[in-house]
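# Summary of the model geometry
Here is what each chain is made of, one letter per residue.
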Amino acid sequence: MGDRKMASDTGQVNISLDTDVKEEWQQYVDEHPDYRYVSHLVRAAVGKEIRGQYGGGGGASGDVAERLSDIESLLLDIQNGVDDVHDRMDAVESQLEGPSTDVTDLAGDVFECLPSEGMAGRTTQDVLSGEEHAVDEGTVLTGRISDIADHLDTDPIRVRQALQQLKEDTPLVDSQNIGGDESWFRVN
């Protein structure tokens, strides 16, 4: 086994394993429904070792051992639930850390093709009634996300993320609802 580290302030113990050992433990968990995760297996094994249930030790007997086992299972289920919450929180935190470099780079291109505030209000009504969006010297006159995405040949979701980032980062970008469609524009 590799180096062991203990993070006393978080209550976590990190253990480095060889890939073969980790795969063997994971296979055991997959084949035994009593264990939900490798960490659950490790906690159970350590608990049994401490109580001497692997033989030789002076562990509890009879009803006491059974009750301790039930309590241990309950505690392990609670710990697994806490681990799940921590995993979800980590995923949320990574999403909240900020936009990806990819979206940040796209934001500049999106800003360049936005119509000005006055142009978006008047022109969007006219363009929305047409069959296609209008591009005038690189400006997407409708200011619609789908039209900007088409013009930049990219995904509308990325365009929306870039616009939201621009709106948060600068007072120079805003949107309005025109004829049931959201239109983005540069604030004059």
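This text goes with the structure placed above it.
My aim in this report is to walk through the structure given alongside it, one point at a time. (Residues numbered from 1 in each chain as written. Predicted model: local features only at pLDDT ≥ 70, side-chain atom pairs only at ≥ 80, totals over all residues. Heavy atoms only, no water.)

## Some remarks on the overall build of the protein chain
- Scanning the protein chain from terminus to terminus reveals 7 helices and 6 strands.
- Going from N to C terminus, the protein chain has its helices and strands arranged as β-β-α-α-α-α-α-β-β-α-α-β-β.
- Per-residue burial for the protein chain yields a buried fraction of 26% across its 188 residues.
- Here the analysis covers contacts within the protein chain between residues at least 6 apart in sequence; of these, 51% occur between residues at least 24 apart.
- Carbon together with sulfur atoms contributes 48% to the accessible area of the protein chain, which is approximately 12,800 Å² in total. (Helix = DSSP H or I, 4+ residues; strand = E, 2+ residues; numbered from the N terminus. Buried < 20%, exposed > 50% of the residue type's maximum accessible area, 1.4 Å probe, protein only. Contact = heavy atoms within 4.5 Å. Areas by Shrake-Rupley, 256 points an atom, 1.4 Å probe, with all protein chains shown as cover.)

## Quick word on the pairing of strand S6 (residues 181–186)
- Summarising the sheet, strand S5 (residues 173–178) and S6 pair through 6 bridges and their orientation is antiparallel. Note on S6: the bridge partner recorded for Gln176 is Ser183.
- The antiparallel hairpin formed by S5 and S6 contains 2 residues in its connecting segment, where Gly179 sits at a positive phi of about 60°. (Pairing = 2+ DSSP bridges.)

## Comments concerning helix H7 (residues 156–169)
- Taking 1.5 Å of rise per residue, the 14 residues of H7 would be expected to cover 20 Å, and the 20 Å separating its terminal C-alpha atoms lies within 8% of that figure.
- Restricting attention to buried positions, one finds in H7 the residues Val159, Ala162, Leu163, Gln165 and Leu166. All buried residues of H7 project into a common sector of 160° when viewed along the axis, lining one side. In H7, the exposed residues that point more than 90 degrees away from the buried face are Ile157 and Glu168. (Expected span 1.5 Å × (residues − 1). Arc of directions from axis to C-beta.)

## Observations concerning unusual backbone geometry
- Of note in this structure, Asp153 is not a glycine but carries a positive phi near 55°.
- Within the secondary structure layout, Asp153 lies in the loop between helix H6 (145–152) and H7.

## Describing the nonpolar core
- Formed by 17 residues in total, the largest nonpolar core has its most connected members in Val110, Leu114, Ile148, Val159, Leu163, Leu166 and Val173.
- Counting residues per element, the ones that place at least two in this core are helix H4 (101–113), H6 and H7.
- Broken down by element, the residue count for this core peaks at 6 residues, all from H4.
- Setting aside its immediate chain neighbours within four residues, Leu114 contacts Thr139, Ile148, Leu163, Val173, Trp184, Phe185 and Arg186.
- Tyr35, Val38, Leu41 and Ala44 belong to the second-largest nonpolar core, a separate cluster that totals 6 residues. (Core = buried A, V, L, I, M, F, W, Y, C linked by side-chain atoms within 4.5 Å.)

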